[in-house]
Each structure stands twice: as C-alpha cells, then as structure tokens.
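Here is how the chains run, residue by residue.
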Amino acid sequence: ATTNLSSLDIQVNHAFEIQNGGLVVLKENFRLTNTHGEDTVLLQNFTTGFPFNYGSNLDYCFAYGESPNEQLKVLVDVGLGKLGFYGVNVIFPNSGEQIGINESHRFTVVFVFSGLVSVETSNRTNELWWNFTFPLFPSLPEPASECNVRIVLFNETTYSDSLLAQSGS
C-alpha cells in the first residue's frame, strides 16, 4: 500500500450555506477514487483549506466519514505547503483507509465561519443587501478532477448579482 495522494482522483462538492444572521457553513464532501495507481492506496490523512486571511473567521471545524456518526480527528491551522493558506488535516482512524484499485472513499469536512457576511440597507427601496465574500473553490494540495459549487441562501432571500457574473468568468 502507498500513501501517494497524487494516485487518487479527487472530486469535491463545495457547498456554502448562508444562515439567517450571517453564519456561514461550508461543507466539503470529498470522493477519492484510486483510478491512477496500480496498487492499493493507504489514506492516512487529507489536507484541505482556504486562503489564510479567512482563518480568523473560522469558529469551528469537524469532519466525518461515510456517515455523520463516524467522526474523524481534525488538526486545524496546519498550512497547505504553500504560503498564504490556512489548512486543516483530517486524520483517518486505525492507521488509515485502504482504497483498492477503482475503489472510492468518501468523507466530509465542515467549516463554520462568522463575520463573512455584511449587511447594507438601501435608502431607496428599504431592502437589505447581504454581501458574502469567499473563494468559490477549495484550496487543495493536489488538483481535483471535479468541483461542484453550491450556495444555499436562507428563506426569503433572493440572489441578484455577483462579481463572478460581472467578470464574465
């Protein structure tokens, strides 16, 4: 068994949930598949993160395996091997998870942030404008083959515009 993460295909669902009051929950659902290697991969830990300047907004982080009852150990503020990033390291129990050829392993990392949402009031329409700023994609030490991004807003909230839409990206 090897511990080489580059032999794994990484797919992630990156979902932001903005709650009433401004709390932001980021769930990263990972699926790691052994499609590149010829051997079983021993997954002992996995690192994910975000730009360092958001680290002071992180209130809580936890991870779990196939079900929420399967809690995983998480080390926070570990870096990603590059300057400017805040990383968390998910540790898998019992000396790691073995992923055979063409097999997958799933797990989820949950980040809870505060202070990322600001509110403005429109004097013209008496509407509240909520502004949320965060990188759209996860920060990973290895490239992902697929990343699905979703933003969930609380009830009675409508989406009107984004800088991403304005930039044409």
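Provided above is the structure to which this section pertains.
All of the points below concern the structure found in this document. Keep in mind that this is a model prediction, so the values were computed, not measured.

**Remarks on the packing of aromatic side chains**
Move 1: Counting across every chain of the model gives 17 aromatic pairs.
Move 2: When the ring of Y60 is compared with that of F62, the centres are 5.6 Å apart and the planes differ by 45°; the resulting orientation is tilted.
Move 3: Here a set of aromatic residues connected by ring pairs shows up, and it is made of F16, F50, F52, Y54, Y86, F111, F113, F132 and F134.

**Remarks on the nonpolar core**
Move 1: Counting 32 residues, the largest nonpolar core has F46, V109, F111 and F113 as the members making the most contacts within it.
Move 2: Elements with a contribution of two residues or more to this core: β1 (9–18), β2 (24–33), β3 (41–43), β4 (45–51), β5 (58–64), β7 (85–91) and β9 (104–113).
Move 3: The contact partners of V109, leaving out residues within four places of it in the chain, are L26, K27, E28, F30, T48, C61, F62, A63, V88 and V90.

**Focus on the environment of N20**
Move 1: Within the secondary structure layout, N20 lies in the loop between β1 and β2.
Move 2: Among the residues examined, N20 registers a relative accessible area of 61% and is labelled exposed.
Move 3: On a C-alpha basis, the gap between N20 and E156 in space is 9.9 Å, while along the polypeptide they are 136 residues apart.
Move 4: The contacts of N20, once residues within four sequence positions are left out, are W130 and F154.

**A few points about unusual backbone geometry**
Move 1: One non-glycine residue, D77, lies in positive phi territory at about 55°.
Move 2: Note on placement: D77 falls in the loop between β6 (71–75) and β7.
Move 3: Notably, N94 is not glycine yet its phi reads approximately 55°, a positive angle.
Move 4: With respect to the helices, strands and loops of the structure, N94 is situated in the loop between β7 and β8 (97–99).

**Let's talk about a nonpolar patch on the surface**
Move 1: A cluster of nonpolar side chains, contributed by F137, V149, I151 and L153, occupies part of the molecular surface with about 330 Å² of accessible area.
Move 2: When you line up the elements, F137 lands in the loop between β11 (128–132) and β12 (146–153).

**Topic: the sheet that holds β9**
Move 1: Spatial ordering of the open sheet is given by β4-β7-β6-β5-β9-β2-β1-β12, a layout of eight strands whose pairing is mixed. Each end of this open sheet is capped by a strand with a single partner; those strands are β4 and β12. The sheet shows a mean angle of 25° between the axes of neighbouring strands, taken without regard to direction.
Move 2: Alignment of β5 against β6, held across two bridges, turns out to be antiparallel.

So, how was this worked out
For every chain, the first residue of its written sequence is number 1, and the numbers climb from 1 along that sequence. Under the rules for a predicted model, residues below a pLDDT of 70 receive no local features and side-chain atom pairs below 80 are neither given nor counted, while totals for whole chains, interfaces and linings still include all residues. With hydrogens and water set aside, each side-chain value is computed from the structure's full complement of heavy atoms. Each pair of aromatic rings taken from Phe, Tyr and Trp, with Trp reduced to its six-membered ring, is defined by centres within 6.5 Å and is described as stacked if the planes are under 30 degrees apart, edge-to-face if over 60, and tilted in the remaining cases. Only buried residues count toward a nonpolar core, which is a set of Ala, Val, Leu, Ile, Met, Phe, Trp, Tyr and Cys residues joined through side-chain atoms within 4.5 Å. Think of it in three bands: with a 1.4 Å probe and only protein chains considered, a residue is buried below 20% of the maximum accessible area for its type, exposed above 50%, and partly exposed in between. Per the convention used, a helix needs a DSSP run of H or I reaching at least four residues, while a strand needs a run of E reaching at least two, with both numbered from the N terminus. Contacts are assigned to residue pairs with any non-hydrogen atoms lying within 4.5 Å of each other. Like-charged residues within 9 Å of one another, or nonpolar side chains (Val, Leu, Ile, Met, Phe, Trp, Tyr) within 5 Å, are grouped into patches, provided each residue has over 30% relative accessible area and no salt bridge. The protein chains shown are the only cover counted for residues, whose accessible areas, like all others here, come from Shrake-Rupley with a 1.4 Å probe. For this analysis, a salt bridge means a side-chain nitrogen from Lys or Arg found within 4 Å of a carboxyl oxygen belonging to Asp or Glu. Two strands are counted as paired when DSSP detects at least two bridges linking them. With axes taken as lines fitted to C-alpha atoms, and helix axes fitted only over the stretch in contact, angles between N-to-C directions fall between 0 and 180 degrees.

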